[in-house]
Amino acid sequence: MAGIDPGSAWRLHPQVSVRPEPFGALLYHFGTRRLSFLKDRTLLRVVQGLQDATDARAACAAAGVSDDHLPVYLRALGTLAESSMIVERPAGDHGAEHAA
Amino acid sequence: MTIVEAARPQPMRLVDHFELGLDAPICLTWELTYACNLSCIHCLSSSGRRDPRELTTEECKSVIDELQRMQVFYVNIGGGEPTVRSDFWELVDYATSHDVGVKFSTNGVKITPEVARMLAANDYVDVQISLDGATPEVNDHIRGPRSYETALRAMQNLSDAGMTNFKLSVVCTHQNIPQLDDFKAIADRYGAQLRLTRLRPSGRGADVWDELHPTKDQQRELYDWLVAHGEGVLTGDSFFHLSAYGQALPGLGLCGAGRVVCLIDPVGDVYACPFAIHDQFLAGNVRMPGGFAEVWKSSELFARLRSPQSGGACSSCQFYDTCKGGCMAAKFFTGLPLDGPDPECVQGYGEELLKNRTDRVESLPKASTDHSHLTSPPRPRSGMGPVRLTLRRREDFDAPPVSACAEDPLAGFAPSREGADGRIQGGTAADPR
């Protein structure tokens, strides 16, 4: 899976529930009924920060991902996008979900 | 299921975490009632009759509240036949409006067109229709007369209501493994997804395991079929013991009992897994102080299951890392040691042990509860048996006795009973010849 574009903006799918665990987190999508495991607390912080960050790059940076590791995290987000765990949102539109 | 990781080296593999247990189960099987309209010969919970101690509606709702607090994403509801509980739809609504998704197993008896429409409208509900033969002959032998028809009608109703991707759930047996492609075709016809699971020698399944469980060749056939169909066919992770054939099957690949799964039975007892209804695997009851969460966190049994397991007799086998010794319940109910091979070990070690087993069949562990119907399937009864009656006429009466109040002018009149040909005549007293 190719990584997502670092300049694109994302958020969790509204039907996805996140349960933090010592090893990372469990994600469950109530629509597709699929389970995903995040094997990494940093990745969890990235996912949780997507909504309020300007773009994917900013979300990674805020979670403490170094530039060296950025491609790896963009690929991981690509896998989550493929299974609709996260969905793209218009850039700069991060308040929309809270306002709704 | 997808595992998403960033590529940095991890100190522990995901399965290692799971072996140590999670703060809450990933999913949980909840049998709502022991009542069932069917008497499937392989029923793993020996269901049939309702238990008077079953959890009330209010008690069920408080369990759901706990599951919501623990962030258990969904429950697999079964039974018995859960839909025969009069509060079933109320409980489904309660769970789904409290962030607990519901997947329930049913034989389809209550899935009318109206119910199907209601289910199709709720994103948080998934339905699993049980069918154990792709033809009525194979299915009805196991699940009872006309159960094939019932299941197919339910699938038709779900499909007509626009429900997609519900599950067609099949327990793989000696008789139906040749029908795998046919099951897939049935699922496709109704827009359903096929789910195959393993026959366990649990509950009534213990009585028929020898007759129904797949042969070694069939296990290989099943494995190849599963590999060919990949993630398109669900298995509930129940065939991880077959991974020792080669390529690992999709799934966690470990026994999740007490670590990532467990069972709540209709009376609130919490067992390590749905296939292990036996005192030895009983962790507690949701009615105890602290409820389900306390049982999950503090049960001594679960702590033991979460501690590192030795491979026992299997630890020297090169496939131990893939099959992990197989299914605990399958070993237990066939009388094999828990730290040894699975009875269906693909290397044949289990078969060998079964052959040399010294225990007699009667001394094998039995499920702790049995709610089977008493009449179906017929079983030998104890006691004096039926009262025998012979119906015949009393010789000392020519006619029915006459009551003192009889006003009929012909009361007591008895016509001659002998006709011309010597036979007893029919007719009434008012019809003199």
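Residues numbered from 1 in each chain as written. Chains lettered and ligands numbered in written order. Predicted model: local features only at pLDDT ≥ 70, side-chain atom pairs only at ≥ 80, totals over all residues.

Chemist: What am I meant to see in the overall build of chain B here?
Modeler: Along its length, chain B carries 14 helices and ten strands. Relative to a compact globule of 433 residues, whose C-alpha radius of gyration would be 22 Å, chain B shows 28 Å and is clearly more extended. With respect to the three principal axes, the spread of C-alpha positions in chain B is 110 × 55 × 50 Å. Looking at chain B residue by residue over its 433 residues, the buried ones come to 42%. Nonlocal contacts in chain B, meaning residues at least 24 apart in sequence, comprise 68% of its contacts between residues at least 6 apart. (Helix = DSSP H or I, 4+ residues; strand = E, 2+ residues; numbered from the N terminus. Rg over C-alpha atoms; globule rule 2.2 N^0.38 Å. Buried ≥ 20, exposed ≤ 12 C-beta atoms within 10 Å, placed from the backbone. Contact = placed C-beta atoms within 7 Å.)

Chemist: Please explain the confidence of the model for chain B as it appears in this structure.
Modeler: Low pLDDT marks stretches whose predicted atomic positions should not be read closely. Residues and elements named next belong to chain B. Looking at chain B as a whole, the pLDDT averages 89, with 91% of positions reaching at least 70. Below pLDDT 50 for its whole length, residues 424–433 participates in ten contacts with residues either more than four positions away or in separate chains. Interface confidence for the predicted complex, given as ipTM, is 0.81, next to a pTM of 0.82. (pLDDT = per-residue confidence, 0-100.)

Chemist: In this structure, what is going on with the interface of chain A and chain B? I would like to understand it.
Modeler: Accessible area lost upon the coming together of the parts is a frequently used measure of interface size. Facing 26 residues of chain A, the contacting portion of chain B comprises 20 residues. Of all the secondary-structure elements, those providing two or more residues to the side of chain A that touches chain B are β2 (16–21), β3 (24–29), β4 (34–38), α1 (41–49) and α3 (70–82) of chain A. Residue composition of the side of chain A that touches chain B, grouped by class: 13 nonpolar, seven polar and six charged. Here three bridges tie β4(A) to strand β1 (residues 2–4) of chain B, and the two strands are oriented parallel to one another. The partner of A:F37 across the bridge, within β1(B), is B:I3. (Nonpolar A, V, L, I, M, F, W, Y, C, P; charged D, E, K, R; others polar. Pairing = 2+ DSSP bridges.)

Chemist: Any chance you could explain unusual backbone geometry here in plain terms?
Modeler: Residues apart from glycine generally show negative phi values, whereas peptide bonds are mostly found in trans. Residue and element names in this part refer to chain B. Look at the link from G79 to G80: it is a cis peptide, with omega at 20°. For G80, the location among the structural elements is in the loop between β3 (74–79) and α3 (88–96). The backbone of D99 sits at a positive phi, close to 60°, despite the residue not being glycine. Taking the number of C-beta atoms within 10 Å as the measure of exposure, D99 has 18 and is therefore partly exposed. Positive phi, normally seen in glycine, also occurs at R146, with a value near 65°. Here R146 is to be found in the loop between α5 (136–143) and α6 (147–160).

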